[in-house]
Amino acid sequence: MQERSAMTNMDLKVYMESLKNNPRFTEAMLRLVEEDLKYGLTPKETEEYTAKKLDYTQMKVYSVCLRNGYGREVMDAVTKEGLTGEQMAVALEFYEKGVNLEAIKEITQNTGQTAFTMKKLFQNIMKNLDTAQKKTGTDEAYAEELLNRISEAVEKIDFQEKRYDALNEKLKELQAAKQATQDLDSLQSQLADRDKLLENQQDQINAARAEIARLKGEMEESARERRIMERKAQSDNTGSLYDNDPVVRQTGMAVKKESGPVMDAASAVDKTLVVHTEYRTALVDEYGRIVQMVPVERMEKKKENGIISTLFSRLFLKRKTDIVKLVAERGLEAKQLVQVRSALEKGLTDSQLMVLIDYQLPAEQMEEIIEIAVYENRTKGVE
């Protein structure tokens, strides 16, 4: 709403002087205009009744409508052209008492009625309005009671809905718990299958280790037999020493110390095998007591059909034949073949390679077993 500003005393005095010059305005009219201007109405608003040829009572009704801010439609109905000041005052009175604007228009449309008649008509309307309001009050009481009942029913419905919602939430929780149990059972089943698989793989690893231990024992037994054979061969050589060595014949006693055969991969396929043998000969006095041990070293060449040469040649050639044959017979996959080649490059023994190929383990397990064998060979000094 636009803010109103009061006229200054000078402007008000000038404006009122202009109105006083008009002989149509009486003192009462001028006083009414001046009061409206001081109240806050603008000169333009007051001109709504000063510009028309109205008497004081009509101007008074205009002034009240303007001060109360009634709209144009209300002012047109209350101050309809042709109504007297008394008629306008009656219409304004009953409009302010609550008579609707349509009834005001209908009554003020007949400007020929007296103010008394118009008042009677407005009173009848007010009486009917009171009756209607009382009835409306009764209806409102009934409606209020009905509304209260409806509210109670709605509250009960809301309570039931809350109970249903709580029940639904509980059902959802139970369903979620059931699903979680099913998921847990599935996970436990998967874990059981995984444990069974790991157990089988562990059994395979244990079997491989047992086989390695068995082959290791066989290798140690073979080495022990080889040493016995070497000692036997050296014992045979000692017999020739007693027969041919003049020192031994003089002392009558000899003690041997074996250094064992020395050979490399190349000497394994030569025509002859060189054997170094070291002996310690005992010097005795005339009473047969040992006075001094004298070392004696002999070097002999043995034929390739000797026991030691035959054993090493067979072991050396066995790898080149048996490993390839085993790999071909087992039908290993490409990844497994890569691990076999890695085992060869890392120096695994024949027995270890045979175990690795025979069990046909997955490539990942073969890789782990190769590392175990390499570590075992390193700790035991196997080259």
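Residues numbered from 1 in each chain as written. Predicted model: local features only at pLDDT ≥ 70, side-chain atom pairs only at ≥ 80, totals over all residues. Heavy atoms only, no water.

1. Remarks on the packing of aromatic side chains
Here is step 1: Following the criterion strictly, the structure yields two aromatic pairs and no others.
Here is step 2: Ring geometry for Tyr70 versus Tyr95: centroids 5.4 Å apart, planes at 80 degrees, classification edge-to-face. On the criterion of sequence distance, the pair formed by Tyr70 in the loop between α4 (56-68) and α5 (72-78) and Tyr95 in helix α6 (residues 85-96) is long-range, its members being 25 residues apart.
Here is step 3: A relative accessible area of 23% means that Tyr95 is categorised as partly exposed.
Here is step 4: Between the aromatic rings of Phe94 and Phe122, the centroid separation amounts to 5.0 Å while the plane-to-plane angle is 15 degrees, which identifies the pairing as stacked. Of this pair, Phe94 sits in helix α6 while Phe122 is found in helix α8 (residues 115-244), placing the two residues 28 residues apart along the sequence. For the residue pair Phe94 and Phe122, the accessibility class agrees, reading buried in each case.
Here is step 5: Between the NZ or CZ atom of Arg67 and the centre of the ring of Tyr39, over which it lies, the distance is 4.4 Å.
Here is step 6: Cation over ring: Lys97 sits above Phe94, and NZ or CZ is 4.9 Å from the ring centre. (Phe/Tyr/Trp six-rings, centres within 6.5 Å; stacked < 30°, edge-to-face > 60°. Helix = DSSP H or I, 4+ residues; strand = E, 2+ residues; numbered from the N terminus. Buried < 20%, exposed > 50% of the residue type's maximum accessible area, 1.4 Å probe, protein only. Lys NZ or Arg CZ within 6 Å of the ring centre and 35° of its normal.)

2. Quick look at the packing of helix α2 (residues 27-39) against α4
Here is step 1: At their nearest, the axes of α2 and α4 sit 10 Å apart, and the two run at 5 degrees to each other. Looking at the two axes, α2 sits roughly parallel to α4. Residues Ala28, Met29, Leu32, Val33, Glu35, Asp36 and Tyr39 of α2 lie in contact with α4, whose contacting residues are Tyr56, Met59, Lys60, Ser63 and Arg67.
Here is step 2: Residues belonging to the contact of α2 with α4 are distributed by class as follows: seven nonpolar, one polar and four charged. (Axes fitted to C-alpha atoms, helices over the stretch in contact; angles between N-to-C directions. Parallel < 35°, antiparallel > 145°, perpendicular 65-115°, else oblique. Contact = heavy atoms within 4.5 Å. Nonpolar A, V, L, I, M, F, W, Y, C, P; charged D, E, K, R; others polar.)

3. Looking at unusual backbone geometry
Here is step 1: The backbone of Gln360 shows a phi angle near 50 degrees, a positive value even though the residue is not glycine.
Here is step 2: Turning to its location among the elements, Gln360 is positioned in the loop between α12 (350-359) and α13 (363-380).
Here is step 3: Under the relative-accessibility criterion, Gln360 is labelled partly exposed at 37%.

4. A short note on α2
Here is step 1: With 13 residues, α2 ought to run about 18 Å at 1.5 Å a step, and its terminal C-alpha atoms sit 18 Å apart, in line with that.
Here is step 2: Listing the buried residues of α2 in full gives Met29, Leu30, Leu32, Val33, Asp36 and Leu37. Each buried residue of α2 sits inside an arc of 160 degrees when the element is viewed along its axis, so together they form one side. Turned more than 90 degrees away from the buried face of α2, the exposed residues are Glu27, Lys38 and Tyr39.
Here is step 3: Contact partners of the buried residues in α2: α1 (9-20), α3 (43-50) and α4.
Here is step 4: Just past α2, the residue Gly40 takes up positive phi, approximately 130 degrees. (Expected span 1.5 Å × (residues − 1). Arc of directions from axis to C-beta.)

5. A word on the nonpolar core
Here is step 1: Of all hydrophobic cores here, the largest spans 37 residues; its most connected members are Met16, Val33, Tyr49, Val78 and Phe122.
Here is step 2: Put simply, the parts of the chain that give this core at least two residues each are α1, α2, α4, α5, α6, α7 (101-108) and α8.
Here is step 3: Residues contacting Phe122, with those up to four places away along its chain left out, are Val90, Ala91, Phe94, Val99, Ala103, Ile104 and Ile107.
Here is step 4: Ile323, Val327, Leu361 and Ile369 belong to the second largest nonpolar core, which has 20 residues in total. (Core = buried A, V, L, I, M, F, W, Y, C linked by side-chain atoms within 4.5 Å.)

Scope: geometric values only; no functional claims are made or implied.
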